[in-house]
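This is what each chain is made of:
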Amino acid sequence: MSAAGSNAFAEVVTDGSLLVALPVAILAGLVSFLSPCVLPLVPGYLGYVTGLSGVDLAERKRGRMVAGVGLFVLGFSVVFVLLGIVFSQVFLWLKHDGAWVTQALGVVVILLGIVFMGGFGFLQRERKIHRRPPAGLWGAPVLGVTFGLGWAPCIGPALGAVLAISSGPGANVPRGALLAFAYCLGLGIPFLLVALGFGRATKTLAFFRRHQLAVMRVGGGILILLGLLMATGLWGRWMADLQNWFQYAVELPI
């Protein structure tokens, strides 16, 4: 690793603002999983990426299920992490223009929160790639990539918010990649948990399906609040203060 790369990695590790940003990114991934665009389709995804029928899924062939879901999660994680890298690099190019970039992103996040709640009907149309890979383990990572590229309205707002908060104090490419990866954990781990406990998990999924409207309202409210903090500059100030405090704490003699 080059000296520049090592310094960037060290900045990410010692960035105290990640103490807040990482949980937010993971929560955004979980909200995406619970959204109406993903949750009702989970059993179908499980069957498709494993090549198992409904009967085989009920019999909990966990090894094949975990392998298929793991490859599926890997597929969309590659897409989202690459997107985090590209977005962070673009932000760094624009950063010299001033703090208005982060504030503008805050306005975008507010709009994304409204979209998540079901607003702006013309943005509710899904952009799906209808060409499907072969069912089974071989097609699982390809389906994951297709899932990542074919954003539904419920996934785009949460991921967009994660990309936006990656532009905070100390923004760099490794930070953007790390926050995108955290989002993938929040979205992907529930898939794996369902694969490990299919029978019990279906009951939990049924509960959230019955309360999808509440999930959308809470998730959209979180995005709108985050956007307001960014647009008013409070998010940047809080993250900068937290980063300074963390660096001071690290430098204290033991």
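Since the structure is predicted, the reported quantities are computational estimates derived from the model, not experimental observations.

Caption draft 1: Focus on the overall build of the protein. Along the protein, the regular secondary structure elements total 12 helices and zero strands. Starting at the N terminus and ending at the C terminus, the protein contains elements arranged as α-α-α-α-α-α-α-α-α-α-α-α. Looking at the protein residue by residue over its 254 residues, the buried ones come to 44%. Expressed as a percentage of contacts within the protein between residues at least 6 apart in sequence, the contacts between residues at least 24 apart total 82%. Of the roughly 12,700 Å² that the protein leaves accessible, carbon and sulfur atoms contribute 72%.

Caption draft 2: Geometry of the packing of helix 6 (residues 100-116) against helix 11 (residues 212-231). At their nearest, the axes of helix 6 and helix 11 sit 7 Å apart, and the two run at 165° to each other. Comparing their axes, helix 11 and helix 6 come out roughly antiparallel. Handedness of the crossing formed by helix 6 with helix 11: left-handed. Residue-level contacts link Thr102, Gln103, Leu105, Gly106, Val107, Val109, Ile110, Leu112, Gly113, Ile114 and Phe116 of helix 6 to Val215, Met216, Gly219, Gly220, Leu223, Ile224, Gly227, Leu228, Met230 and Ala231 of helix 11.

Caption draft 3: Spotlight on the UniProt feature "transmembrane region" (unreviewed entry) in the protein. In the numbering adopted here, UniProt assigns the feature "transmembrane region" (unreviewed entry) to residues 20-48, 69-94, 100-123, 135-165, 177-198 and 218-238. Secondary structure across residues 20-48 comprises 76% helix and 0% strand; the distance between its end C-alpha atoms is 36 Å. Span residues 218-238 is 90% helix and 0% strand, its end C-alpha atoms 23 Å apart.

Caption draft 4: Layout of the nonpolar core. Phe33, Phe72, Phe80, Tyr183 and Phe191 are the most contacted members of the largest nonpolar core, which has 54 residues in total. Apart from the residues within four sequence positions on either side, Phe72 is in contact with Tyr45, Val49, Ala140, Pro141, Leu143, Gly144, Phe147 and Phe191.

Caption draft 5: Fine view of the packing of aromatic side chains. In this structure the tally under the stated criterion is 10 aromatic pairs. With a centroid separation of 5.7 Å and an interplanar angle of 75°, the aromatic rings of Phe80 and Tyr183 are classed as edge-to-face. Taken together, the residues Phe80 in helix 5 (residues 62-94) and Tyr183 in helix 9 (residues 173-196) connect sequence positions 103 residues apart. Taken individually, Phe80 and Tyr183 each receive the classification buried, so the pair is uniform in this respect. Here a set of aromatic residues connected by ring pairs shows up, and it is made of Phe33, Tyr45, Phe72, Phe76, Phe80, Phe147, Tyr183 and Phe191.

Caption draft 6: Spotlight on the packing of helix 2 (residues 18-34) against helix 9. One way to put it is that helix 2 packs onto helix 9 with a least axis distance of 8 Å and a crossing angle of 40°. In terms of orientation, helix 2 lies oblique with respect to helix 9. Crossing handedness for the pair helix 2 and helix 9: right-handed. Each of Leu18, Ala21, Leu22, Ala25, Ile26, Ala28, Gly29, Leu30, Ser32 and Phe33 in helix 2 lies in contact with helix 9, whose residues at this interface are Arg175, Leu178, Leu179, Ala182, Tyr183, Gly186, Leu187, Pro190, Phe191 and Val194.

Conventions used here
- Residues numbered from 1 in each chain as written.
- Predicted model: local features only at pLDDT ≥ 70, side-chain atom pairs only at ≥ 80, totals over all residues.
- Heavy atoms only, no water.
- Helix = DSSP H or I, 4+ residues; strand = E, 2+ residues; numbered from the N terminus.
- Buried < 20%, exposed > 50% of the residue type's maximum accessible area, 1.4 Å probe, protein only.
- Contact = heavy atoms within 4.5 Å.
- Areas by Shrake-Rupley, 256 points an atom, 1.4 Å probe, with all protein chains shown as cover.
- Axes fitted to C-alpha atoms, helices over the stretch in contact; angles between N-to-C directions.
- Parallel < 35°, antiparallel > 145°, perpendicular 65-115°, else oblique.
- Left-handed = near helix turned anticlockwise from the far one by under 90°.
- UniProt positions renumbered as here; feature names shortened; annotations may be inferred.
- Core = buried A, V, L, I, M, F, W, Y, C linked by side-chain atoms within 4.5 Å.
- Phe/Tyr/Trp six-rings, centres within 6.5 Å; stacked < 30°, edge-to-face > 60°.

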